[in-house]
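As a plain string of letters, each chain reads:
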Amino acid sequence: MSPVPLRSDRIRLDRPSSGLQRLAARFAGHAYDPHRHETYGIGLTLYGVQQFNYRGSLRASRAGDVLVLHPDEAHDGHAGEDGAFAYRMLYFDPAAISQALDGASPPFVTDVVARDAAMARLIDEAFADFPRPLEPLAVDATVARMADLLERRSDGHRRPPAGATAARAIHRVREFLTAEAHRTVASEELERLSGLDRFTLARHFRQTFGTSPHRFQVGRRLQLAQSMIVEGAALSETAAATGFADQSHLTRHFSARFGLTPGRWAALSRPV
């Protein structure tokens with residue numbers, strides 16, 4: 001039986017775990033302003049028509065369709081046909097996908113919306129006990145299986161991994177940026193840490209992780225801000241704790257990352 005559409009907007013998001021995060025949402029009308037994030041977004045539309053602008057075209061995902069949004073690609077979201085829509089989304093860290101593919105660069109999928117029964121089943125399995133956390137082995141299996149499915153759907157150009165020396169360097173940089181997410185990091189610091197010049201580092205980082213070092217670090221800070229806001233922290237407190245200059249600085253970056261203001265995020269994700 002198809003789910004009964006509900007008119008109230010709602011978001012439920014769990015905590016990231018080993019490169020995977022789950023989101024379930026429903027909207028009537030406008031959902032998200034244009035934004036981009038440093039993860040894959042792979043979703044299953046449950047009912048209604050989910051429309052979004054992506055790579056220069058208006059796309060539509062209907063009930064049963066699977067959509068694949070590549071890291072760092074701008075998109076928005078709204079209901080089509082004057083209705084409501086609901087969907088489930090899996091967010092995958094490109095580094096986890098790359099690791100599952102033996103270090104190859106994350107695949108690029110050109111057919112953004114498709115009827116993909118295997119991906120749909122995998123998404124359903126990942127949400128079987130949502131919002132209870134997935135067990136660690138289930139997370140690993142989901143990442144590995146989705147990596148295979150993405151490669152099957154990809155543009156066919158498997159990109160070789162970075163050389164061993166560069167791979168070690170950019171993984172050190174990634175760990176450092178995660179640990180130092182509360183502050184601004186200078187390019188010179190990353191050059192000293194990696195032994196690579198800033199442009200070579202940026203190129204290898206994007207090739208492996210699907211985004212730039214700066215966007216990656218800001219994303220880590222915003223994930224923390226997201227959790228603090230849900231838990232009821234004031235925006236001024238959240239901004240200070242996550243390395244932003246002030247509340248307006250946080251709001252600008254938050255909206256660019258999630259397509260929602262912090263206030264709307266708090267309202268949509270508030271427990272009922």
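Residues numbered from 1 in each chain as written. Predicted model: local features only at pLDDT ≥ 70, side-chain atom pairs only at ≥ 80, totals over all residues. Heavy atoms only, no water.

**Q** Quick rundown of the overall build of the protein chain? Include the residues and the values.
**A** Looking only at helices and strands, the protein chain features ten helices and ten strands. The C-alpha radius of gyration of the protein chain comes to 18 Å, within 12% of the 19 Å expected for a compact globule of 272 residues. Projected onto its principal axes, the C-alpha positions of the protein chain cover 55 × 45 × 40 Å. Residues classed as buried in the protein chain amount to 50% of the 272 residues present. As displayed, the protein chain offers around 12900 Å² of accessible surface, 53% of which is attributable to carbon and sulfur atoms. (Helix = DSSP H or I, 4+ residues; strand = E, 2+ residues; numbered from the N terminus. Rg over C-alpha atoms; globule rule 2.2 N^0.38 Å. Buried < 20%, exposed > 50% of the residue type's maximum accessible area, 1.4 Å probe, protein only. Areas by Shrake-Rupley, 256 points an atom, 1.4 Å probe, with all protein chains shown as cover.)

**Q** Hey, could you go over the packing of aromatic side chains for me, with residue numbers and the actual values?
**A** As enumerated under the stated definition, the model contains nine aromatic pairs in all. A ring pair is formed by Phe127 and Phe130, whose centres lie 4.9 Å apart and whose planes are at 55°; its orientation type is tilted. Neither residue differs from the other here; Phe127 and Phe130 are each classed as buried. Taken together, the ring pairs in this structure connect Phe27, Tyr32, Phe85 and Tyr87 into an aromatic cluster. (Phe/Tyr/Trp six-rings, centres within 6.5 Å; stacked < 30°, edge-to-face > 60°.)

**Q** Quick one: what's the story with helix α9 (residues 247–258), residue by residue and with numbers?
**A** At 3.6 residues per turn, the α-helix brings residues three or four places apart onto the same side. Here α9 spans 16 Å end to end across twelve residues, near enough to the 16 Å set by a 1.5 Å rise per residue. Buried residues of α9: Leu250, His253, Phe254, Arg257 and Phe258, and no others. Summarising the axial view, the buried residues of α9 lie within an arc of 110°, below the 170-degree limit, and thus occupy one face. Facing away from the buried side of α9, by more than 90 degrees, are the exposed residues Ser248 and Arg252. In the core, the buried residues of α9 are packed alongside β3 (30–35), α7 (213–230), α8 (235–241) and α10 (262–269). Looking one or two places after α9, you find Gly259, whose phi comes out positive at around 75°. (Expected span 1.5 Å × (residues − 1). Arc of directions from axis to C-beta. Contact = heavy atoms within 4.5 Å.)

**Q** Describe the environment of Ala245, listing the residues and the values that go with them.
**A** The topology assignment puts Ala245 in the loop between α8 and α9. Residue class for Ala245 comes out exposed when judged on its relative accessible area of 69%. Each C-alpha atom of the pair Ala245 and Trp265 lies 20 Å from the other, and the pair is 20 residues apart in sequence.

**Q** If you had to explain the sheet that holds β3 to someone new, which residues and values would you point to?
**A** Judged by pairing direction, the sheet is antiparallel, and its four strands sit side by side in the order β3-β8-β5-β6 without closing on themselves. With partners counted over all chains shown, the strands left at the sheet margins are β3 and β6 (57–62), one partner each. Averaged over all pairs of adjacent strands, the angle between strand axes in this sheet comes to 20°, irrespective of strand direction. The sheet contact formed by strand β5 (residues 49–54) and β6 spans six bridges and is antiparallel. Bridging from a neighbouring strand, Gln51 pairs with Ala60 of β6. (Pairing = 2+ DSSP bridges. Axes fitted to C-alpha atoms, helices over the stretch in contact; angles between N-to-C directions.)

**Q** Explain the environment of Thr39 to me, using residue names and the numbers behind them.
**A** Structurally, Thr39 can be placed in the loop between β3 and β4 (40–47). For Thr39, a relative accessible area of 8% gives the class buried. Along the sequence, Thr39 and Arg198 sit 159 residues apart, while their C-alpha atoms lie 22 Å from each other. Residues contacting Thr39, with those up to four places away along its chain left out, are Leu69, His70, Pro71, Tyr91, Phe92, Asp93 and Pro94.

**Q** Hey, could you go over the side chain of Gln50 for me, with residue numbers and the actual values?
**A** Of note, Gln50 is situated in strand β5. Looking at Gln50, the relative accessible area reads 7%, which means it is buried. Within the structure, the side chain of Gln50 is placed 2.9 Å from the side chain of Thr45, a separation counted as a polar contact. (Polar contact = N/O pair within 3.5 Å; in protein donor to acceptor, adjacent residues only side chain to side chain.)

**Q** Could you give an account of the sheet that holds strand β1 (residues 10–13), with specific residues and numbers?
**A** What links the strands of a sheet is backbone hydrogen bonding, and the strands pair in either a parallel or an antiparallel sense. Strand order in the open sheet made by the six strands is β1-β2-β9-β4-β7-β10, with antiparallel pairing throughout. Strands with a single pairing partner mark the edges of an open sheet, and in this sheet they are β1 and β10 (113–114). Looking at chain direction, strand β7 (residues 66–69) and β10 are connected through two bridges and run antiparallel. Within β10, the position partnered with Leu67 by the bridge is Val113. The strands that helix α2 (residues 117–126) touches are β2 (20–28), β4, β7 and β9 (84–92); relative to β4, the one it contacts most, it runs at about 90°.

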